[in-house]
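Okay, here's what each chain looks like letter by letter:
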Amino acid sequence: MSVDWFIAGAGALALIIVAVRIFRILYNILAPYVFLKPIDLKKRAGASWAVVTGATDGIGKGYCFELAARGFNILLVSRTQSKLDATKQEILAKYPHINVRTAAYDFTDASTSGYQNLLTQLNEVDVGILVNNVGMFHGYPEIVHKIEFGSARDVAVVNTLPPTLLTAGILPQMVARKAGIIVNIGSSAGFNPMAQWAIYSATKKYVSWLSAILRKEYEHQGITVQNIAPMLVSTKMTGNPRSAFLVPDVTKFVKSAVNTIGNVAETTGYIGHQIQAEFTGLLPAFVIDKAVAAKSEQLRNLAFAKRGKSS
Ligand SMILES: NC(=O)c1ccc[n+]([C@@H]2O[C@H](COP(=O)([O-])OP(=O)(O)OC[C@H]3O[C@@H](n4cnc5c(N)ncnc54)[C@H](OP(=O)(O)O)[C@@H]3O)[C@@H](O)[C@H]2O)c1
């Protein structure tokens, strides 16, 4: 082969690779958020109850209201009974035709008996949708040995055990029905290994891998498994920042995320976040590392200032 042919071939290959990349980016942004129609959730779920963890605030509470609006009965799981009761009343005031139950559980309790008791309550209803939403962050970005030990433990436990054990405990009824939907709330923090976010970032990568593996194991049995990996949503966990196109409020975010169920296996949940994720994904790792370091320092200083500490 002459040198000219080799150069022409390499150029054509490079063009094809770039074209495929551009097509994939456009597909990831436009297909779930513009072109694909939401599926019939009731049919795919195969049962009338939705179980949502971390249901009394933020994204989890948003899923409760959105799924109630779509006619599902809701079983709320969170740690504070008074907040569960208040959220139940709020939902029933807006959607009086559905049933709402509550189960109080503090997911820092990793005991087998604790999970077994909780699962007994959850399996009293026909679970069509399980939303593994509960998650924690250790306050502010920090290198691992400086994170308070108990907090490090809690973040690792709360971010990984619920999607693992609740999924394992509820799958039997879904498998028997050959229908069901599992939505795991990960985070875009799982896209890159983020210094000073070690436990949070690693646990969210775990959620993404767990979801991908569950799809391989259960999709052919009629069960849909989705990983939603948001960027910044205005919630208590993120300090309730003012909402904007790139920082949606919970209602806007969740409505968008629920519309993607069954159409896409892993996505950020919202078009503004997907645009951010696609373009961030083009950056070299060292640029991302620098941006993460700068943002982490800013957040840590803010947290220290709030607590009256000095860094
Ligand atoms: N907000 C974002 O920008 C963002 C971005 C990416 C991913 N995420 C993920 O989205 C999920 C929800 O985050 P969020 O921002 O909505 O959080 P949030 O506003 O802080 O709400 C968390 C919910 O979980 C409950 N909860 C917290 N710790 C618990 C525990 N140990 N046991 C039982 N329930 C507990 C809280 O109950 P109480 O009301 O009693 O505290 C509350 O209902 C998390 O998995 C998070 O990692 C959020």
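To be clear, the structure that these remarks concern was listed above.
Residues numbered from 1 in each chain as written. Predicted model: local features only at pLDDT ≥ 70, side-chain atom pairs only at ≥ 80, totals over all residues. Heavy atoms only, no water.

K.L.:
Is there a simple way to think about the site of the ligand in this case?
P.N.:
Around the ligand, the structure places 30 residues, and the nearest of them are Thr-56, Lys-83, Asn-133, Tyr-200 and Thr-235. At 2.8 Å from an oxygen atom of the ligand is found a side-chain nitrogen or oxygen belonging to Arg-79. Here an oxygen atom of the ligand sits 2.9 Å away from a polar atom, N or O, in the side chain of Thr-80. Summarising the interface, the protein chains cover 96% of the accessible area of the ligand, which totals 900 Å² for the free molecule. Those elements that place two or more of their residues in the shell around the ligand are helix H3 (58-69) and helix H7 (198-218). (Near = heavy atom within 4 Å. Polar contact = N/O pair within 3.5 Å; in protein donor to acceptor, adjacent residues only side chain to side chain. Areas by Shrake-Rupley, 256 points an atom, 1.4 Å probe, with all protein chains shown as cover. Helix = DSSP H or I, 4+ residues; strand = E, 2+ residues; numbered from the N terminus.)

K.L.:
Hey, could you run me through the packing of aromatic side chains in this one?
P.N.:
Where two aromatic rings form a pair, the distance of their centres and the angle of their planes describe that pair. Scanning the model with the defined rule gives 10 aromatic pairs in all. For the pair Phe-107 and Tyr-115, a centre-to-centre distance of 6.1 Å together with 50° between the ring planes defines the contact as tilted. An aromatic cluster is built from Tyr-105, Phe-107 and Tyr-115, whose rings are joined through pairwise contacts. (Phe/Tyr/Trp six-rings, centres within 6.5 Å; stacked < 30°, edge-to-face > 60°.)

K.L.:
How should the sheet that holds strand E7 (residues 266-267) be read in this particular structure?
P.N.:
Remark on secondary structure: sheet strands pair via backbone hydrogen bonds, oriented parallel or antiparallel. Strand order across the open sheet formed by seven strands is E3-E2-E1-E4-E5-E6-E7, with parallel pairing between neighbours. Strand pairing shows two members of the sheet lacking a second neighbour, strand E3 (100-104) and E7, which therefore form its edges. Inspection of the sheet shows strand E6 (residues 223-228) paired to E7 by two bridges, in the parallel sense. Of the residues in E7, the one forming a bridge with Ile-228 is Thr-267. (Pairing = 2+ DSSP bridges.)

K.L.:
Looking at this structure, how should I read H7?
P.N.:
Between its terminal C-alpha atoms H7 stretches 30 Å, which fits the 30 Å expected from 21 residues at 1.5 Å a residue. Among the structural elements, helix H6 (149-177), strand E5 (180-185), E6 and E7 are those in contact with the buried residues of H7. (Expected span 1.5 Å × (residues − 1). Contact = heavy atoms within 4.5 Å.)

K.L.:
Teacher, can you tell me more about helix H1 (residues 3-35) here?
P.N.:
In an α-helix there are 3.6 residues to a turn, and that puts residues three or four apart on one side. Taking 1.5 Å as the rise per residue, H1 with 33 residues should run 48 Å; its terminal C-alpha atoms sit 44 Å apart, in good agreement. Tyr-27 marks where H1 bends most, by close to 30°. Along H1, the positions that sit buried rather than exposed are Ile-25, Ile-29, Ala-31, Pro-32 and Tyr-33. In the core, the buried residues of H1 are packed alongside helix H8 (250-259), E7 and helix H9 (271-280). (Bend = angle between axes of the 7 residues up to and from the residue. Buried < 20%, exposed > 50% of the residue type's maximum accessible area, 1.4 Å probe, protein only.)

K.L.:
Explain the pairing of E5 here, please?
P.N.:
For a regular strand, side chains alternate in direction, first toward one face of the sheet and then toward the other. Burial runs high along E5: six of the six residues are buried. Of the pairings in the sheet, the one linking strand E4 (residues 127-132) to E5 comprises four bridges and is parallel in character. Within the sheet, the bridge partner assigned to Val-131 lies in E5 and is Val-183. In this region the chain leaves E4, passes through H6 and returns to the parallel neighbour E5; the handedness of that crossover is right-handed. With six bridges connecting them, E5 and E6 associate as parallel partners. Bridge pairing links Gly-180 to Ile-223 in E6. For the handedness criterion, the β-α-β arrangement of E5, H7 and E6 is classed as right-handed. (Right-handed = clockwise from strand over helix to strand, strands pointing away.)

K.L.:
Could you clarify how one ought to interpret the nonpolar core in this entry?
P.N.:
Soluble, globular proteins show a tendency: their nonpolar side chains are buried together. Counting 33 residues, the largest nonpolar core has Tyr-63, Leu-67, Ile-74 and Ile-91 as its most contacted members. Elements represented by at least two residues in this core include exactly helix H2 (41-45), strand E1 (49-53), H3, strand E2 (73-78), helix H4 (81-94), E4, E5 and H8. In terms of residue count, H3 provides more of this core than any other element does, six residues in total. When residues no more than four places from it in sequence are discounted, the contact partners of Leu-67 are Leu-41, Ala-50, Phe-72, Ile-74, Ile-129, Val-131 and Val-258. Counting 25 residues, the second-largest nonpolar core is a separate cluster that includes Val-51, Leu-118, Leu-130 and Leu-171. (Core = buried A, V, L, I, M, F, W, Y, C linked by side-chain atoms within 4.5 Å.)

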